[in-house]
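# Close look at the chain arrangement
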Amino acid sequence: MIELASAKMQNAHLYQGDFSQSLAEPILQNRYDFIVSTYALHHLTDEGKAAMLRSLQGLLKEDGVLLIGDVAFANRADLVRCQEEAGEEWDDDEIYFVYDEIKEVFPTMKFEQISSCAGLLSLAR
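Residues numbered from 1 in each chain as written. Predicted model: local features only at pLDDT ≥ 70, side-chain atom pairs only at ≥ 80, totals over all residues. Heavy atoms only, no water.

### What about the overall build of the protein chain?
Counting its secondary structure elements, the protein chain contains 5 helices and 5 strands. The N-to-C order of helical and strand elements in the protein chain reads α-α-β-α-β-α-β-α-β-β. The dimensions of the protein chain, computed from C-alpha atoms along their principal axes, are 45 × 35 × 25 Å. Across the 125 residues in the protein chain, those meeting the buried criterion constitute 34%. Taking all contacts inside the protein chain whose residues are at least 6 apart in sequence as the whole, residues at least 24 apart take part in 68%. With the model as given, the accessible surface of the protein chain reaches about 8200 Å², and the carbon-plus-sulfur share is 51%. Taken together, the 10 basic and 22 acidic charged side chains of the protein chain have centroids lying 10 Å from each other. (Helix = DSSP H or I, 4+ residues; strand = E, 2+ residues; numbered from the N terminus. Buried < 20%, exposed > 50% of the residue type's maximum accessible area, 1.4 Å probe, protein only. Contact = heavy atoms within 4.5 Å. Areas by Shrake-Rupley, 256 points an atom, 1.4 Å probe, with all protein chains shown as cover. Lys, Arg positive; Asp, Glu negative; His and termini not counted. Charge placed at Lys NZ, Arg CZ, Asp CG, Glu CD.)

### Regarding the pattern of salt bridges
Counted under the stated rule, the structure contains 4 salt bridges. Its salt-bridge partner being Lys 61, residue Asp 33 comes within 3.9 Å of it at the nearest N-O pair. In this pair, Asp 33 is assigned in strand E1 (residues 32-38) and Lys 61 in strand E2 (residues 60-73), connecting sequence segments 28 residues apart. By relative accessible area, Asp 33 is classed as partly exposed at 44%. One salt bridge in this structure joins Arg 76 and Glu 101, with 2.7 Å as the shortest N-O distance. Of this pair, Arg 76 sits in helix H4 (residues 76-86) while Glu 101 sits in helix H5 (residues 99-102); the two residues are 25 residues apart in sequence, bridging distant segments of the chain. You can call Arg 76 partly exposed: its relative accessible area is 36%. (Salt bridge = Lys/Arg side-chain N within 4 Å of Asp/Glu carboxyl O.)

### Some points on a nonpolar patch on the surface
There is a patch of nonpolar side chains on the surface, built from Ile 2, Met 9 and Leu 14 and spanning about 220 Å² of accessible area. With respect to the helices and strands, the residue Leu 14 is situated in the loop between helix H1 (2-8) and helix H2 (25-28). Here Leu 14 falls in the partly exposed class, since its relative accessible area comes to 31%. (Patch = residues over 30% accessible without salt bridge, like charges linked within 9 Å, V, L, I, M, F, W, Y side chains within 5 Å.)

### Thoughts on the packing of aromatic side chains
Enumeration according to the criterion identifies 3 aromatic pairs in this entry. With a centroid separation of 6.4 Å and an interplanar angle of 35 degrees, the aromatic rings of Phe 73 and Trp 90 are classed as tilted. Placement of Phe 73 in strand E2 and of Trp 90 in the loop between H4 and strand E3 (97-98) is noted, with a sequence separation of 17 residues between them. Each of the two residues, Phe 73 as well as Trp 90, counts as buried. On the numbers, 5.2 Å between centres and 20 degrees between planes, the contact of Tyr 99 with Phe 111 is stacked. Here the residue Tyr 99 occupies a position in helix H5, and Phe 111 occupies one in strand E4 (residues 110-113), the gap between them amounting to 12 residues. Here the aromatic cluster, defined as three or more aromatic residues joined through ring pairs, consists of Phe 73, Trp 90 and Tyr 96. (Phe/Tyr/Trp six-rings, centres within 6.5 Å; stacked < 30°, edge-to-face > 60°.)

Pasting the structure below:
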């Protein structure tokens, strides 16, 4: 995938790694206006999500914003409703965002429901 991406984006800085273990060292050496994550962080436990969000928030410049598009719900009842509707297609190995629960850890986080099972979470520095 890195080879394909490099061919399409010659000026991109691409790194291979397992973000659940750590971020690539060059990423940690910079500060960012925006950090965007899409459909990745649901592989982390809730505690892992909180730790990752703290790390990413620390990499933002002043007034920088972390944007997370993922399977996400406003509350636990919405998640359960979606799980029931999905039936056997529901992936029990993934841990989806529940905004009113993660907001307890990140009170300034904002949430916008995009579809019945996806949302945009944003966290400023």
